[in-house]
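Examining the three-dimensional arrangement
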Amino acid sequence: MHFCGEDDNNDPDTVALIDEIRLTNFHQGDDGTQMPKSVSIRIINETTDLFIANLYKALSASYKNCEITFNADTRRILISPLAGTITHTVMVRLFGVLYKMQAIIFNDVVIASDKLGVTPPPRSLDTVKRDLAKIWTNPKALAMENYTFQAPYFKFNPNVRLARGPLLVNTVELNLERGTRQCPYVTLHVSHRATEIFISTLQTTLEKKVGGRLTYNPSIRCLTVMPPGDNVSKQQLGKILEALYESKAIAYNDQIDACEGLKLNAPPEDPLKSKEKRDLTELYKPPHGGR
């Protein structure tokens, strides 16, 4: 079973830190079928020693009755049950450890389980937020972190509100460094009509999609987002805009406008999403006497 990430193996959202799971050391069972006595996983070159050590430790803790060895030359971890045969339980536990240690994403677990005849886990268990900063040496990381932004902010157009509904975030401000035009953090200017429930919802969404550190200043109604890494990447800024849409801070077409204004890849035009009416109950305080 080979892994290469869903779309782009340089994308931290989908990259697989192992590229192969292989059943090995087959022997013939009592019924004549070939039974594997070991399973090996191969770790990609672009991982740190910390990742390997943590993965080895997690596997050792999960398999009390197995011999586990790591070959630094081949970058393979070999798991051999003392009972002699790789069972369904061994594979389920392996996928669980690989997912929790961020070696593969949940969709990889589902695909691999299907290909190897293992019962896939329910989607409700897809809860891990990836942060590969200390375990993956992304070959594109420097280019991503050092992206130079041209526009210092994007202010949403207040003249199209009738069609799109009220704004709960008015401006996305990029705090650009002088000279480099790189962006260490982003400030979101929250509408004075947004409720505390909305602010909490937005923070939860940002934590899930972006990670890093969030700081809210209620006196000026600004939420500062500091994603993992030294500088905000185009991808991270795109995730922030996705979080604004998903938390109902802005409409779908606002997200498209912001992506285009900030030179990001915009989501596709979608007539249904463009016409959807956001339910802002408990999120928005209308003007006195308004609805």
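The preceding data block contains the structure.
What this report covers is the structure whose coordinates are included nearby. On a predicted model such as this, the values are computed, not experimentally measured, just so you know. (Residues numbered from 1 in each chain as written. Predicted model: local features only at pLDDT ≥ 70, side-chain atom pairs only at ≥ 80, totals over all residues. Heavy atoms only, no water.)

The five strands lie next to each other as β5-β6-β7-β9-β8, forming an open sheet whose pairing is antiparallel. Each edge of the sheet is formed by a strand with only one pairing partner; in this case those strands are β5 (153-155) and β8 (213-217). Adjacent strand axes in the sheet meet at a mean angle of 15 degrees, parallel and antiparallel pairs treated alike. Two elements, β8 and strand β9 (residues 222-226), share five bridges in a ladder whose sense is antiparallel. The residue of β9 that forms the bridge with Thr215 is Thr224. Contacts from helix α6 (residues 196-209) reach β6 (169-174), β7 (186-190), β8 and β9 within the one sheet, and its direction differs from that of β8 by about 165 degrees. (Pairing = 2+ DSSP bridges. Helix = DSSP H or I, 4+ residues; strand = E, 2+ residues; numbered from the N terminus. Axes fitted to C-alpha atoms, helices over the stretch in contact; angles between N-to-C directions. Contact = heavy atoms within 4.5 Å.)

Now for the environment of Thr187. Relative to the helices and strands, Thr187 resides in strand β7. Classification of Thr187 by relative accessible area gives buried; the value is 7%. In this structure, the C-alpha to C-alpha distance between Thr187 and Cys222, residues 35 residues apart in sequence, is 6.4 Å. Look past the residues within four positions of Thr187 in its chain and what remains in contact with it is Thr171, Val172, Glu173, Asn175, Cys222, Leu223 and Thr224. Of note is the side chain of Thr187, whose polar atom sits 3.0 Å from the side chain of Asn175. (Buried < 20%, exposed > 50% of the residue type's maximum accessible area, 1.4 Å probe, protein only. Polar contact = N/O pair within 3.5 Å; in protein donor to acceptor, adjacent residues only side chain to side chain.)

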